[in-house]
Structure formats: structure tokens, C-alpha cells
Amino acid sequence: MHTNLSSLHTLFLLPLLMTFLRSFLILLVTFLFMHTLGNADTCQDCFVHSRAAYYPNSDDKGTETGQCGYGTFGATINGGDVSAASDLYQAGVGCGACYQVRCTNSNYCSDKGVTVVITDSGSSHNTDFILSRRAFSQMAQNTDAATSLLALGIVDIEYRRVPCSYPNKNITFNIDENSNNPHYLAFVIWYQQGRKDITAVQLCETQNFECKLLDRTYGAVWTATPPPSGSLSIRMLFSDDNGDETWVVPVNSIPQNWKPGDTYDSGVQVNA
């Protein structure tokens, strides 16, 4: 029997070619999958789809009783464009974070949306945000569209984390009204800036350089029982999702004779 030599070569090479192609496709798919995961991990500017509602019985701005512990400051910060958050509250770590939120209904919603500050914890019908009425209306194209949005009550949105910016404002410490010098100190950090979270706080006595790590009582409220004596320095650890951490040391100290209700300018801004 006569066998064609080229046919033998084809029969021999075909399995090798198929094996090579199969291996190549596996490597290609693996590369694309890992590349996609890498982009997902590093994409700070990507929008996430969710839903948002608004405080139905509130004033136009935020609430003074939010879970972050800001009090009246929490109702007026950022011009009243504030929000409660569900999972993004993160047991208080999310307090003070800023998000760009925009609704997705092209009939009513603007492309810019609104930038809100997290001041409270809460959810409604699988929402990530419960906005102030003012912030909810700010997502609309105009006044008539805002009325239509408010009538809907809950809307589809997309959001992303953005840096907080307070022009001409430094990070500020507000001494809680329940504090009692020298036995008990509680304070809230105002005007948190940048895109990182405050994940730890140290309270240091400036003369002897003795520091103690504080407890987060709830929300953005930090406490010390008793606090160190003397003038004090509040040092803050700013952290992001990538594991980047930076301790920020204030320029100004809190005087030894601090009083409940007082506010103290740290003298520093954080833009990272």
C-alpha cells in the first residue's frame, strides 16, 4: 500500500498543534482573568451600581442624631450634602468618607450627581445610601426633575469614593460635651480630608511623649479614660484599601485645660 508522506506528517503534527493551541488558550484566559482582577483591585475611580433613598421625615439637610456622633455638625457639613450608609459605614470607619453619587435615570439625573459625606448608619430596601433631601435633589438636572426624583423615593445609582476637600479648613477636634477633665475625654474628628480612612488614633502627652492607643467608642467618637495629663497631641493613622498607611501628627496641641464643647484646630490638612 502506498502512503502519502505529507499525510503522515499532518497526522503526526495535528495532535501537537492542538495541544499547543489548547495550552495557549488556557494561558491567555488566565492572563485576562488576572488582569481583570488587578484592574478591579486598583480601580479607585470605577463606579459601583446600587440604590439610594432619602430621609423622608428630615429637614432639607442632614440629621443631628447620626450614628457617627457628629451632632449638629453632621447636619451642616458639606453644605448639608450628607448621607447615611449601610455596608460603607464599616462600624464607624466609614464616617467622614466622601462619595460621588449619581442616579442613572436619564430623564431626571445629571451626569455629575452629588458629593456626599457619610455621617450616619442606615439602609432602606437594599440601599447603600440614605441621602439628605438636599443631596437627593442635587442629583437632578433641574428643580422640576428634583421634584420627580423625590416622588420616586428610591432610585438606582452609581457611586465611587472621592477625596474629601474642605478649602481653608484644617482637621479639627471637637471635645464631646460629656467629657470631664481630667477623668474622661471623648472627641470627634471634624473635616476628615483625602480619600483614606482614619483607622487608629493615638493620644500623646506632648511633654513626656507618652502615648496611648484609643478606643473607637462608636462612629467617629474616640475616648480615653483617663486621658494623659498635660497638653495633648492627637495622632491619626490614615489607611487605604491597598494597605498604604500614614501617621499624621498635628501641628497644634490641645491645651491641658481643655473643656467640653471646645474645638481645636490641628493645623494640618491631608489631601492624599
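What comes next is a walk through the structure. The structure displayed is predicted, hence computed values, not measured ones. (Residues numbered from 1 in each chain as written. Predicted model: local features only at pLDDT ≥ 70, side-chain atom pairs only at ≥ 80, totals over all residues. Heavy atoms only, no water.)

Moving on: the packing of aromatic side chains. On inspection of all chains with the given rule, the structure shows 9 aromatic pairs. An angle of 50° between the planes, with centres 4.9 Å apart, marks the rings of Tyr54 and Phe136 as tilted. Placement of the pair is Tyr54 in strand E1 (residues 48–54) and Phe136 in helix H3 (residues 133–138), with a sequence separation of 82 residues. Residue class for Tyr54 comes out buried when judged on its relative accessible area of 15%. Judged by centre distance (5.6 Å) and plane angle (70°), the ring pair of Tyr99 and Phe129 falls under edge-to-face. Taken together, the positions of Tyr99 in strand E3 (residues 98–103) and Phe129 in strand E5 (residues 129–131) put the pair 30 residues apart, joining distant regions of the chain. The two residues Tyr99 and Phe129 agree in class, both being buried. Ring-pair connections join several aromatic residues into one group, and the members of that group are Tyr70, Phe73, Tyr166, Trp190 and Tyr191. Looking at Arg102, its charged tip hangs above the ring of Phe47, at a distance of 3.8 Å from the centre. (Phe/Tyr/Trp six-rings, centres within 6.5 Å; stacked < 30°, edge-to-face > 60°. Helix = DSSP H or I, 4+ residues; strand = E, 2+ residues; numbered from the N terminus. Buried < 20%, exposed > 50% of the residue type's maximum accessible area, 1.4 Å probe, protein only. Lys NZ or Arg CZ within 6 Å of the ring centre and 35° of its normal.)

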